[in-house]
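Analysis of the macromolecular model
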Amino acid sequence: MRKPQFEDPRVRKALCMLFDRELIIETVWGGLGTVITGSVYHKAPEYNQETQPFPFDPIQAAKLLDEAGWKDTDGDGIRDKNGVKFEFELGFASSVQEYERLGTVYQEELKRAGIDMRLGPLEWATFSERVHNRNFDACMLAWLTPIMQDPYPLWHSSQ
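In short, a report on the structure. (Residues numbered from 1 in each chain as written. Predicted model: local features only at pLDDT ≥ 70, side-chain atom pairs only at ≥ 80, totals over all residues. Heavy atoms only, no water.)

1. A closer look at the pattern of salt bridges
Throughout the structure, instances matching the rule amount to seven salt bridges. When the shortest N-O distance is used, the salt bridge between Lys3 and Asp137 registers 3.2 Å. In this pair, Lys3 sits in the segment before helix H1 (9–17) while Asp137 sits in the loop between helix H5 (124–132) and strand S5 (138–139), placing the two residues 134 residues apart along the sequence. Lys3 gets classed as partly exposed once you look at its relative accessible area, which sits at 25%. For Asp137, a relative accessible area of 25% puts it in the partly exposed group. For Lys85, the salt bridge is made with Asp76, and the minimal N-O distance between the two is 2.4 Å. We classify Lys85 as partly exposed; its relative accessible area is 23%. Asp76 sits in the partly exposed class, given a relative accessible area of 41%. Connected through shared salt-bridge partners, Asp74, Asp76 and Lys85 make up one network. (Salt bridge = Lys/Arg side-chain N within 4 Å of Asp/Glu carboxyl O. Helix = DSSP H or I, 4+ residues; strand = E, 2+ residues; numbered from the N terminus. Buried < 20%, exposed > 50% of the residue type's maximum accessible area, 1.4 Å probe, protein only.)

Laid out in structure tokens, this is it:
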């Protein structure tokens, strides 16, 4: 949220609404996936089945971006606000081929919404250093946990 593009919660919500989870599951993961809303295994008793993911809704996302003041004022196809273009880089480890495909699918949806997201694949050590130093616009990471996980080491602030 250090960049003006991400300060407004409406913008962050719009970015979620431009992420087509079903399309990504189909095109990136070959249909082998489930949309979930948290870090807990979706069939575990701790998983909250009541929580619904943000819907894929480009029309509502555009309204939120407009409300937040991000509009294409110069007609170049990219939204802007106070002289700042809505552009950013999505960093990820180049060793994960699925991230490149996932980023490309998301990039196309953002482009239709007037947002310029560049893909930034990096070798793991360089990427990891940037994340550690908080030197990135946005990044994509994943971790694997056992089905019966203890969430404490992953989410508690002391960790």
